[in-house]
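# Chains, contacts and geometry: an overview
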Amino acid sequence: TATMPREPSNYDEIAMQQSLLFSDSLKDLKNLGKQLYSAAEYFEFSYTNDDQKNVLVNTLKDYAVKALVNAVDHLGSVSYKVNAIVNEKFSELSGAELRISCIQQ
């Protein structure tokens, strides 16, 4: 039987999960960059040594479009996660300020 991942039980666990997800997203983005450089080198080498340049150019166009869409998707994902973390920290700060204000009164 497959086990369901358990829900985080406290704030520290949630923060750690968010940090790991964000870190994984950044690693994926870095790997995507490496893949793009590798593909560019491959296409550059192939273009200079291949007689079927038209087919190669069309393949490169298709790959470039897919890679660009994937990069934008990853950037959107990282941006969303950063925004969520910032919003959460802002909410925590607002809550702390409210508690301090109540204590002062």
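Preceding block: the structure.
All of the points below concern the structure found in this document. (Residues numbered from 1 in each chain as written. Predicted model: local features only at pLDDT ≥ 70, side-chain atom pairs only at ≥ 80, totals over all residues. Heavy atoms only, no water.)

### Overview of the overall build of the protein chain
Our working rule: Helix and strand definitions here come from DSSP, where helices need a minimum of 4 consecutive H or I residues and strands a minimum of 2 consecutive E residues; each element is numbered from the N-terminal end. The buried label applies to any residue whose accessible area, calculated with a 1.4 Å probe on protein chains only, is under 20% of its type's maximum; exposed applies above 50%, and partly exposed to all values in between. Any two residues whose heavy atoms approach within 4.5 Å are treated as being in contact. With residues, only the protein chains shown are counted as cover, and all accessible areas are computed by Shrake-Rupley using a 1.4 Å probe.
Looking only at helices and strands, one finds two helices and zero strands in the protein chain. In the protein chain, which comprises 105 residues, the share counted as buried stands at 9%. The contacts in the protein chain between residues at least 6 apart in sequence include a share of 70% that link residues at least 24 apart. Split by element, the accessible area of the protein chain, about 8800 Å² in all, is 61% carbon and sulfur.

### What to know about the packing of aromatic side chains
Our working rule: Centres within 6.5 Å are what make two rings of Phe, Tyr or Trp a pair, Trp counting through its six-membered ring; a difference in plane orientation under 30 degrees is then read as stacked, over 60 as edge-to-face, and the rest as tilted.
Following the criterion strictly, the structure yields two aromatic pairs and no others. Taking 6.1 Å as the distance between ring centres and 50° as the angle between the ring planes, the aromatic pair formed by Phe43 and Tyr63 counts as tilted. On the criterion of sequence distance, the pair formed by Phe43 in helix H1 (residues 11-49) and Tyr63 in helix H2 (residues 53-104) is long-range, its members being 20 residues apart. When its relative accessible area of 10% is taken as the criterion, Phe43 is described as buried. Among the aromatic residues, those joined into a cluster by ring pairs are Tyr42, Phe43 and Tyr63.

### Looking at the environment of Lys81
Tracing the chain through its elements places Lys81 in helix H2. Looking at Lys81, the relative accessible area reads 23%, which means it is partly exposed. For Lys81 and Ser19, which are 62 residues apart along the polypeptide, the C-alpha to C-alpha distance reads 9.4 Å. Among all residues touching Lys81, those that are not within four sequence positions of it are Leu21, Phe22 and Ser25.

### Things to note about the environment of Asp73
Along the polypeptide, Asp73 turns up in helix H2. Separated by 44 residues in sequence, Asp73 and Leu29 place their C-alpha atoms 9.8 Å apart.

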